[in-house]
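# A look at the structure
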Amino acid sequence: MKKVLFVASECVPLVKTGGLADVVGSLPKYLNKDEFDVRIMLPKYMMISEKYKENMQYKTHFQMDLSWRSQYVGIFETVIDGITFYLIDNEYYFAGDKPYGQIYDDLEKFAFFSRACLSALPIIGFQPDIIHCHDWQTGLIPVYLHDSFQGDEFFWGMKTIMTIHNLKFQGIAGIETMKNITGLTDYFFTGDKLGMYGDGNYLKGGIVYADYVTTVSDSYAEEIKTPFYGEGLDGIMNWKSNWLCGIVNGIDYEEYNPETDPLIVKNYNAENFRKEKKKNKKALQQELGLEVDDKKFMIGIVSRLTDQKGLDLIDCVIEEICAEDVQLVVLGTGEEKYENLFKHYAWKYGDRVSANIFYSNERSHRIYAACDAFLMPSLFEPCGLSQLMSLRYGTVPIVRETGGLRDTVEPYNEYEGTGTGFGFMNYNAHEMLRIIRYAKDVYYNHKREWNKIVDRGMAVDFSWPASAKKYEELYRSM
Ligand code: GLC
């Protein structure tokens, strides 16, 4: 039996700020239990809900050196849906109502976490064959493994995988600061290791020292080898390209199932969506105080409101998007300028724009169920999960063809009668607008074609099993 340890900074159902948590929380459930013993390590954040904390058992604790500091490390254990979780406890680092805060605090917090994860293993007696690290917060694990744990027989032969969910965030600080925080010596801060333009970089360290690197779609795996998407690391991605691949994310098809979803008003499936889906639209219009008309073309956006998501394109042509024959429903939080943009239009066009500037899982399900189209014009998108949820709910994605969006949404071709959504290539507001208008035209004037797009979208399969098999193959090959 191969033992695999997932290490990450967030994971459903305990703590989530983005898609990372969905992936870390759902993938382990789909790996073959007879062949792989997969466990998860996470920080024991104070903000984790009481209902989960109650079931965490204290295992042990020890003191650990981190650079010149000596810190307490507590270890708790819990089992959720058959998966064992280890939680690293230290209230100095993991207090607060959010998992992340100021970057310098976070750098120290995750240096502590990474070192504590490795230090804890011999003590709890779990000896993974593979440590599967996710994003910059765990980038130091392959580095520390190489630097200070190799001497211990317990760690011999232990392999690491670094999965990049988003190359934008790397964990960067000046070299002196980083040496102080991490305890790593000068040796590690040259350009072939953690060093980058005079700074230190956790994710780069993880990429360099990991035995294998993956990212969350094939296209993104290619894109990050170019300067536009490489975020300064395209050189290292090219150098690592023989040990780099893309494995597209899946979504939890049990949680996201329009036929059984308890959070939506009217359940439906691929056979009866023509009649039943629009009842969800009517219900949402009522709920949000929009004009109730199940024929109106309703566009949904569920997103972190950040630049990555292409919101400046929307900003540029929002007046044109919010035409009289459209309803726009937005859910999410983020940068103030975008929050204000949507709030303003919800005020200006109260009967057709709804701005929900918060996050609600329930409301997100209702939006996927109610809308006709889902807009995702990302500047870059490692994978993207919302378009997969939309496809599952028969809501037609309108996307920019980048990263995982390009790999999962096939653009409609009216001549061949193919495609599951609408796509545009260039990062250009009017190109996006043209595609939105095209989608609207198909919806209003070629309804049978529209419904066939929905048919095809609901028939594609982005559940986890196919992607989980690829991770299994990778684990076996190591
Ligand atoms: C990040 C990426 C997103 C991806 C998710 C899970 O949030 O921005 O594209 O789907 O991670 O891998």
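Conventions and cut-offs
- Residues numbered from 1 in each chain as written.
- Predicted model: local features only at pLDDT ≥ 70, side-chain atom pairs only at ≥ 80, totals over all residues.
- Heavy atoms only, no water.
- Pairing = 2+ DSSP bridges.
- Helix = DSSP H or I, 4+ residues; strand = E, 2+ residues; numbered from the N terminus.
- Axes fitted to C-alpha atoms, helices over the stretch in contact; angles between N-to-C directions.
- Disulfide = S-S within 2.5 Å.
- Buried < 20%, exposed > 50% of the residue type's maximum accessible area, 1.4 Å probe, protein only.
- Arc of directions from axis to C-beta.
- Contact = heavy atoms within 4.5 Å.
- Parallel < 35°, antiparallel > 145°, perpendicular 65-115°, else oblique.
- Left-handed = near helix turned anticlockwise from the far one by under 90°.

## A closer look at the sheet that holds strand β13 (residues 297-302)
Taken in spatial order, the six strands make up an open sheet running β15-β14-β13-β16-β17-β18, and their pairing is parallel. The sheet is open, and its two edges are formed by β15 (353-356) and β18 (422-424), each paired on a single side. The average angle at which neighbouring strand axes cross in this sheet is 15 degrees, direction not considered.

## A short note on the state of the cysteines
Evaluated as defined, the whole model comprises zero disulfides. Residue C117 stays outside any disulfide, its sulfur separated by 8.6 Å from that of C133, the closest cysteine. A relative accessible area of 2% means that C117 is categorised as buried. Left unpaired, C245 is separated from the closest cysteine sulfur, that of C383, by 13 Å. Looking at C245, the relative accessible area reads 22%, which means it is partly exposed.

## Regarding helix α6 (residues 175-182)
Listed as buried for α6 are I175, M178, K179, I181 and T182. Seen from one end, α6 has its buried residues packed into an arc of 165 degrees, which puts them on one side. Looking one or two places after α6, you find G183, whose phi comes out positive at around 80 degrees.

## A word on the sheet that holds strand β5 (residues 83-89)
Taken in spatial order, the nine strands line up as β3-β4-β5-β2-β1-β6-β7-β11-β12 in an open sheet, and their pairing is mixed. Strand pairing shows two members of the sheet lacking a second neighbour, β3 (57-66) and β12 (244-246), which therefore form its edges. Sheet twist, expressed as the mean angle between neighbouring strand axes with direction ignored, is 25 degrees. Summarising the sheet, β3 and strand β4 (residues 69-80) pair through nine bridges and their orientation is antiparallel. Following the sheet pairing, D65 is matched in β4 by S70. This element, helix α5 (residues 140-149), spans β1 (2-7), β3, β6 (130-134) and β7 (159-164) of the sheet and lies at about 140 degrees to β6. Contacts between helix α19 (residues 464-477) and the sheet are confined to β1, β2 (36-43), β6, β7 and β11 (212-215), with β1 contributing the most and set at about 115 degrees to the helix.

## Observations regarding unusual backbone geometry
At the junction of V12 and P13, the peptide bond is cis and its omega measures out at 5 degrees in the coordinates. Mapped onto the elements, P13 comes out in the loop between β1 and α1 (19-26). At D135, a residue that is not glycine, the phi angle is positive and equals roughly 65 degrees. Inspection of the secondary structure puts D135 in the loop between β6 and α5. With a phi close to 45 degrees, Y197 is a non-glycine residue in the positive phi region. Looking at the element boundaries, Y197 is found in the loop between β9 (195-196) and β10 (199-201).

## Let's talk about the packing of helix α11 (residues 273-288) against helix α14 (residues 361-370)
Pairs of packed helices are described in terms of their axes, by the angle between the two and the distance that separates them. Where α11 meets α14, the closest approach of the two axes is 8 Å, and the angle between their N-to-C directions is 130 degrees. Between α11 and α14, the angle is such that the two are oblique. Between α11 and α14 the crossing geometry is left-handed. The segment α11 lies against α14, with K277, N280, K281, L284, E287 and L288 engaging R363, R366, I367, Y368, A369 and A370.

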